[in-house]
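Reading the structure
Read off the chains here:
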Amino acid sequence: MARVSARKRGRFITFEGLDGCGKSTQLKRLAEVLRAEGIAVLVTREPGGTPIGERLRSIVLDSATLGLAPRAELAILFAARAQQVHENILPALKAGRWVLCDRFTDSSEAYQGGGRGLGSEAVLTMHRVVCGNLQPDMTVLMDSDVTASVARARRRNLAKVATAPDGEADENRFEQENQAFFTRVQQAYHAIAKREPQRVLMLDARRQPDVVHREIVEVVRQRFLGAANERQSKN
Ligand code: TYD
C-alpha cells in the first residue's frame, strides 16, 4: 500500500460519554488496532494531558475543591484544553500522527453547558476563542444508562481512594453530583449528536465491550482507512 507524505495531517478522534461508560477502555483498544496498522498514535485525556493540564485537573476534579463557580470551572477546563491543543494535539496532527483524546469540548458542552446550566453558546464561544475552534474528525459518543454508569464510576473511584496514599487527591468532585445533573449531561450529549451526525458516532455502550469495539473499528476503517488509504508510516 502506498505511503503518504509524513506531512499529511493526522486524524483527531475524541471519546465522550458519562463517567463510567467504558470510553477509556474503548479508546485504548482502538489505539492498539491503529498501532498494529502502522499508524503513529498519540493517546491523551482531558482535563490533563500536559504537565500544566494535569495540575489543573487536580484542582477541578478533587472533591476537596469547594465553592468553585461554574464559570471558573469552565475557564479552568478550557485553560487545560488550550494548553493541550497547543502542546500536544496540533503538533501531533501536523506531524501526521493520529490523536485519540479521552474527552474534549463536547464534555464541556455536556457537563458545564448542560449539567451546570451554562448553555451551549458560552462553551462554543469559549472554544472558538481559546482553542481556535479545532474540531475532531470523529467523536465516539458512548451512550449509556445514567444510573449504571455513575454507580460504576463511583465504585471505581472509591476503590482508587481506598488504595491511595494518605493525603492524595481524589477525583470524585463530579461523581458527587446527582441523577438530575447526569441526566442533563446525557441530554446535552444527545443534542450534540443530533446537531452533528457527520462527526458524532453515537453508539449503545451498554452492549458487550467486544461488540462495541468491533463497531468502532469498522466505522474508523470505513471513514479513514478506506480504498484511498491514508495510512501513515510510524515516524
Ligand atoms: P474522566 O477522567 O474522563 O473521568 P471518567 O473516566 O469518570 O469519565 O473525566 C473526569 C470528569 O471531568 C468527568 O466527571 C467529566 C468532567 N469533565 C467536565 O465536566 N468537563 C470537561 O470539559 C471535561 C473534559 C471533563
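A brief report on the enclosed structure follows. Being a predicted model, the structure only gives us computed values, none of them experimental.

The rules behind the values
- Just so you know, the residues in each chain are numbered from 1, in the order the chain's sequence is written.
- Reporting of local features is limited, given that this is a predicted model, to residues whose pLDDT is at least 70; pairs of side-chain atoms are given and counted only at 80 or more, and all residues count toward the totals for whole chains, interfaces and linings.
- Side-chain measures here rest on the full set of heavy atoms in the structure, leaving out hydrogens and waters.
- Secondary structure counts use DSSP, requiring at least four H or I residues in a row for a helix and at least two E residues in a row for a strand, with both numbered from the N terminus.
- Contact criterion: two residues are considered in contact whenever any of their non-hydrogen atoms come within 4.5 Å of each other.
- Here the term buried applies to any residue with accessible area under 20% of the maximum for its type, exposed to any over 50%, and partly exposed to those in between, with areas from a 1.4 Å probe on protein chains only.
- This arc is taken over the directions from the axis of the helix to the C-beta atoms.
- Note on pairing: two strands pair once DSSP finds at least 2 bridges between them.
- An axis is simply a line fitted to the C-alpha atoms; with a helix, the fit covers only the stretch in contact. Between two such axes, the angle follows the N-to-C directions and lies from 0 to 180 degrees.
- Put plainly, a pocket is an open set of points on a 1 Å grid over the protein atoms alone with protein on both sides within 12 Å along at least five of seven lines, a cavity is a set where a 1.4 Å probe fits but cannot get out, and a lining residue has an atom within 4 Å of a point.
- Grid points are joined across faces, edges and corners, and a volume is the space filled by probe spheres set on the points.
- Ten residues, namely Ala, Val, Leu, Ile, Met, Phe, Trp, Tyr, Cys and Pro, are considered nonpolar, four, namely Asp, Glu, Lys and Arg, are considered charged, and the remaining ones, Gly among them, are considered polar.
- Note on definitions. A residue lies near a molecule or strand when any single heavy atom of the residue is within 4 Å of it.
- Any N or O atom pair separated by 3.5 Å or less is treated as a polar contact, with the protein-specific requirement of one donor-capable and one acceptor-capable atom, and with residues adjacent in sequence counted only for side-chain atom pairs.
- Computed by Shrake-Rupley with a 1.4 Å probe, the accessible areas treat only the displayed protein chains as cover when residues are assessed.
- Cavities and pockets are treated as containing a molecule whenever more than half of the molecule's atoms lie within 2 Å of their grid points.
- Take a side-chain nitrogen of Lys or Arg and a carboxyl oxygen of Asp or Glu: if they are within 4 Å of each other, that pair is a salt bridge.

Some details on the environment of Asp62
When you line up the elements, Asp62 lands in the loop between helix H2 (51–61) and helix H3 (70–94). Sequence separation between Asp62 and Ala169 is 107 residues; the distance between their C-alpha atoms is 5.8 Å. Apart from the residues within four sequence positions on either side, Asp62 is in contact with Arg57, Ala169, Asp170 and Arg173.

Some thoughts on the side chain of Ser149
With respect to the element layout, Ser149 can be found in helix H6 (residues 146–163). Overall, Ser149 belongs to the buried group, its relative accessible area being 3%. In this structure Ser149 touches Leu18, Asp19, Gly20, Cys21 and Ser144, once residues within four positions along its chain are discounted.

Focus on H2
The set of residues buried in H2 consists of Gly53, Leu56, Arg57, Val60 and Leu61. Summarising the axial view, the buried residues of H2 lie within an arc of 120 degrees, below the 170-degree limit, and thus occupy one face. Of the exposed residues in H2, those oriented more than 90 degrees away from the buried face are Pro51 and Arg55. Here the buried face of H2 lies against strand E2 (41–45) and H3.

What about the sheet that holds strand E4 (residues 138–143)?
Strand order in this open sheet of five strands is E2-E3-E1-E4-E5, and the pairing throughout is parallel. This sheet does not close on itself; its edge strands, each paired only once, are E2 and strand E5 (200–204). Ignoring which end each strand starts from, the neighbouring axes of this sheet average 20 degrees apart. Two elements, strand E1 (residues 12–17) and E4, share five bridges in a ladder whose sense is parallel. Residue pairing for E4: Glu16 is matched across the bridge by Leu141. Together, E1, E2 and strand E3 (98–102) form the strand contacts of H3, whose direction differs from that of E2 by roughly 160 degrees. Packing against the sheet, helix H8 (residues 209–224) makes contact with E1, E3, E4 and E5, and its axis sits at approximately 160 degrees to E4.

Some details on the layout of surface pockets
Empty space within the largest pocket amounts to approximately 740 Å³. Contributions of two or more residues to the lining of the largest pocket are made by helix H1 (23–36), E2, H2, H3, helix H4 (105–115) and H6. Residue classes in the lining of the largest pocket are distributed as 11 nonpolar, nine polar and 14 charged. By volume, the second largest pocket is sized at about 280 Å³. Lining the second largest pocket are 17 residues, with Cys21, Gly22, Arg152, Ala205 and Arg207 positioned closest to its centre. Where the lining of the second largest pocket is concerned, the elements lending two or more residues are H1, H6 and H8. Considering only residue class, the lining of the second largest pocket consists of six nonpolar, seven polar and four charged.

Considering the site of the ligand
Surveying the vicinity of the ligand reveals 16 residues, the closest of which are Asp19, Arg103, Ser108, Gln112 and Arg156. In the model, an oxygen atom of the ligand is placed 2.4 Å from a nitrogen or oxygen of the Asp19 side chain. When the free accessible area of the ligand is taken as 550 Å², the share hidden by the protein chains comes to 94%. In this structure, the ligand is accommodated by the largest pocket. Within the residue set of the shell around the ligand, elements represented by two or more residues are H2, H3 and H4.

A short note on the pattern of salt bridges
Tallied over the entire structure, the rule returns 17 salt bridges. Close ionic contact of Arg57 with Glu171 constitutes a salt bridge, the shortest N to O distance being 2.8 Å. Remark: Glu171 occurs in the loop between H6 and helix H7 (179–195) and Arg57 occurs in helix H2; sequence separation between them is 114 residues. When the shortest N-O distance is used, the salt bridge between Asp204 and Arg206 registers 3.0 Å. The class for Asp204 is partly exposed, based on a relative accessible area of 28%. Through salt bridges that share partners, Asp106, Glu109, Arg195, Glu196 and Arg199 make up one connected network.

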